[in-house]
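Structural description and commentary
Each chain is listed here by its residues.
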Amino acid sequence: MTALAVHIFGSINLDIITSLEHLPRPGETVLATATARLPGGKGANQAVAASRMGAETYMVGAVGEGDAGSWMLSRLKADGIDVGGVAVLPGVDTGTAYIAVDAHGENQIIVVQGANAFLRDSLPVSEGVLLAQLEVPVAALLPIFTKSKAIRILNGAPAVAEGKTLFEYVDLLIVNQHEMAAFLGLDAVQGNDDMAVIAGAARGLLCREGQAAIVTLGAAGALAVWADRHLHVPSLPVIPVDTIGAGDCFCGALAALLDEGRCLEDALPYATAAAALCTLGQGAAPAMPTREAVEDLVGPSSTDRTATEYALPIKKPSAASLS
Ligand code: RIB
């Protein structure tokens with residue numbers, strides 16, 4: 001099966017990363033041991049991950065007119081990403097993320113949306129994979145999700161409550177455990193090391209036939225959930241530099257593999273390995289691994305098991321099923 005393209009609708013941020021011994025508690029001042037300014041934003045990170053996995057990748061987003069915006073565009077272009085769909089807006093700043101990373105690689109992120117808040121509706125995607133996250137307005141994503149004929153993937157991050165209005169139009173929803181609990185209105189999902197329990201909770205996010213959800217579990221890998229079954233793929237043991245962008249890496253790599261026509265079962269070990277590799281580099285976008293690095297770890301991805309030959313976990317909707 002021929003790969004088509006991955007179309008990413010999402011945020012583009014300048015990440016200001018500070019390294020700390022421990023993350024600050026409320027009211028506490030802590031001294032940073034280092035600081036770095038790196039490319040980021042969930043949308044941009046996922047685009048870089050998809051492109052490095054080999055997908056033809058199109059980015060739709062918005063940046064400000066200043067230096068940060070042009071720098072982000074040049075970094076995306078250097079990764080072979082088509083940025084023709086990125087608006088350069090006068091009078092607003094490029095999105096900025098203030099990220100603190102502790103000595104164990106744990107992080108806290110505060111995002112100032114900037115230009116991302118002004119992302120507007122765009123043309124629907126007619127084929128390939130559509131991938132979006134929730135750092136851009138849901139109102140802009142809704143018409144794209146309702147009209148697109150691509151495989152539609154939503155990464156429910158951050159867990160903006162309004163994002164639930166998209167769930168019906170999504171073929172695959174990807175969330176971490178915090179986001180799943182937030183969307184379900186729970187403090188936390190109980191029994192969070194029992195895959196059957198997590199799968200049972202995740203089914204509460206599915207709203208129609210043919211949908212699947214993936215719960216990313218950090219060091220424990222990822223859990224794919226269908227209405228009638230689930231599949232747990234463990235992660236590879238790594239000692240992380242930081243975990244910034246690991247979830248984005250998983251989403252972008254998975255989108256690239258699904259775009260090639262691979263089924264979810266075959267794509268998952270590669271996306272999970274890619275996310276593990278991402279934690280070995282500093283920051284988000286710069287740490288996305290190449291396909292070669294992922295295949296060195298997991299072995300070459302087979303070309304004979306494709307979604308067309310196996311029970312489809314995600315069906316490409318036929319033109320007739322979409323208006
Ligand atoms: O998921 C990591 C990303 O979240 C960072 O790159 C930051 O920009 C925020 O969007």
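As the structure is a prediction and not an experimental result, all values here were calculated from the model.

Our focus in this paragraph is the overall build of the chain. From N to C terminus, the chain includes eight helices and 13 strands. In terms of overall size, the chain behaves like a compact globule, its C-alpha atoms giving a radius of gyration of 18 Å where 323 residues would be expected to give roughly 20 Å. Reported as C-alpha extents along the three principal axes, the dimensions of the chain are approximately 55 × 45 × 40 Å. Of all 323 residues assigned to the chain, the portion counted as buried reaches 53%. Long-range pairs, those at least 24 residues apart, make up 64% of the contacts in the chain with a sequence separation of at least 6.

With that settled, the discussion passes to the packing of aromatic side chains. A complete count under the given rule lists one aromatic pair for this structure. With 5.0 Å between their ring centres and 70° between their planes, Phe167 and Phe183 make a pair best called edge-to-face. Taken together, the positions of Phe167 in the loop between β9 (151–155) and β10 (172–176) and Phe183 in helix α4 (residues 177–184) put the pair 16 residues apart, joining distant regions of the chain. Overall, Phe183 belongs to the buried group, its relative accessible area being 4%. Over the ring of Trp226 we find Arg229; its NZ or CZ atom is 3.9 Å from the centre of that ring.

This part is about the sheet that holds strand β7 (residues 107–112). Strands sit in the order β3-β2-β6-β7 across an open sheet of four strands; the sheet is mixed. In this open sheet, the two strands that pair with only one neighbour each are β3 (34–40) and β7. This sheet shows a mean twist of 20° between the axes of neighbouring strands, independent of strand direction. By the bridge criterion, six bridges tie strand β6 (residues 95–101) to β7 in an arrangement that is antiparallel. Paired with Thr96 across the two strands is Val112, which belongs to β7. Sheet strands in contact with helix α2 (residues 67–78) are β2 (13–19) and β3, and its direction is about 65° off that of β3.

A few words now on the packing of α4 against helix α5 (residues 195–202). Two numbers describe a pair of packed helices, the interaxial angle and the distance between the axes. Contact geometry of α4 with α5 gives a least axis separation of 10 Å together with a crossing angle of 45°. With respect to their mutual orientation, α4 and α5 come out oblique. The handedness of the crossing between α4 and α5 comes out as left-handed. Note on element contacts: α5 touches α4 through Ile198, Ala201 and Ala202, opposite Gln177, Met180 and Leu184. Of the residues that constitute the contact of α4 with α5, the class distribution is five nonpolar, one polar and no charged.

Taken together, 13 residues lie around the ligand, and Asp15, Gly41, Lys42, Glu135 and Asp248 are the ones closest in. For the ligand, an oxygen atom lies 2.8 Å from a polar atom in the side chain of Lys42. With respect to the ligand, the side chain of Glu135 contributes an N or O atom lying 2.6 Å from an oxygen atom. Put simply, the parts of the chain that give the shell around the ligand at least two residues each are β2, α1 (42–52) and β7.

Attention now goes to the pairing of β6. Across the seven residues of β6, six count as buried, placing the element largely inside the fold. Both β2 and β6 contribute to a ladder of seven bridges, which runs parallel. Across the sheet, residue Ser19 finds its bridge partner in β6, namely Val101. Counting the residues in the hairpin turn of β6 and β7 gives five residues, including Gly105, whose phi is positive at 90°.

What follows covers α4. Every buried residue of α4 is listed here: Glu179, Met180, Ala181 and Phe183. Taken from the residues just after α4, Gly185 is the one with a positive phi, measuring 75°.

Here Gln211 is to be found in the loop between α5 and β11 (212–216). Polar side-chain contacts of Gln211 include one of 2.8 Å to the backbone oxygen of Val170. Leave out the neighbours within four places in its chain, and Gln211 touches Phe167, Glu168, Val170, Asp171, Leu206 and Trp226.

Per-residue confidence for the chain averages 91 on the pLDDT scale, and 92% of its residues sit at or above 70. Low pLDDT, under 50, characterises residues 304–323; the stretch is placed with 40 contacts to residues that sit more than four places away or in other chains.

With respect to the helices and strands, Asp79 occurs in the loop between α2 and β5 (82–89). The spacing of Asp79 and Leu257 is 178 residues in sequence and 18 Å in space, taken between C-alpha atoms. Contact partners of Asp79, with chain neighbours within four places excluded, come to Val48, Ser51 and Arg52.

Our focus in this paragraph is the pattern of salt bridges. Counted by the stated rule, this structure contains nine salt bridges. A salt bridge links Glu260 to Arg262, with the shortest nitrogen-to-oxygen separation between them at 2.7 Å. One exposure class covers both Glu260 and Arg262, and it is buried. Across the pair Glu260 and Arg291 runs a salt bridge whose closest N-O atoms are separated by 2.6 Å. In this pair, Glu260 sits in the loop between α6 (246–259) and α7 (264–278) while Arg291 sits in helix α8 (residues 291–298), placing the two residues 31 residues apart along the sequence.

What counts, and at which threshold
- Residues numbered from 1 in each chain as written.
- Predicted model: local features only at pLDDT ≥ 70, side-chain atom pairs only at ≥ 80, totals over all residues.
- Heavy atoms only, no water.
- Helix = DSSP H or I, 4+ residues; strand = E, 2+ residues; numbered from the N terminus.
- Rg over C-alpha atoms; globule rule 2.2 N^0.38 Å.
- Buried < 20%, exposed > 50% of the residue type's maximum accessible area, 1.4 Å probe, protein only.
- Contact = heavy atoms within 4.5 Å.
- Phe/Tyr/Trp six-rings, centres within 6.5 Å; stacked < 30°, edge-to-face > 60°.
- Lys NZ or Arg CZ within 6 Å of the ring centre and 35° of its normal.
- Pairing = 2+ DSSP bridges.
- Axes fitted to C-alpha atoms, helices over the stretch in contact; angles between N-to-C directions.
- Parallel < 35°, antiparallel > 145°, perpendicular 65-115°, else oblique.
- Left-handed = near helix turned anticlockwise from the far one by under 90°.
- Nonpolar A, V, L, I, M, F, W, Y, C, P; charged D, E, K, R; others polar.
- Near = heavy atom within 4 Å.
- Polar contact = N/O pair within 3.5 Å; in protein donor to acceptor, adjacent residues only side chain to side chain.
- pLDDT = per-residue confidence, 0-100.
- Salt bridge = Lys/Arg side-chain N within 4 Å of Asp/Glu carboxyl O.

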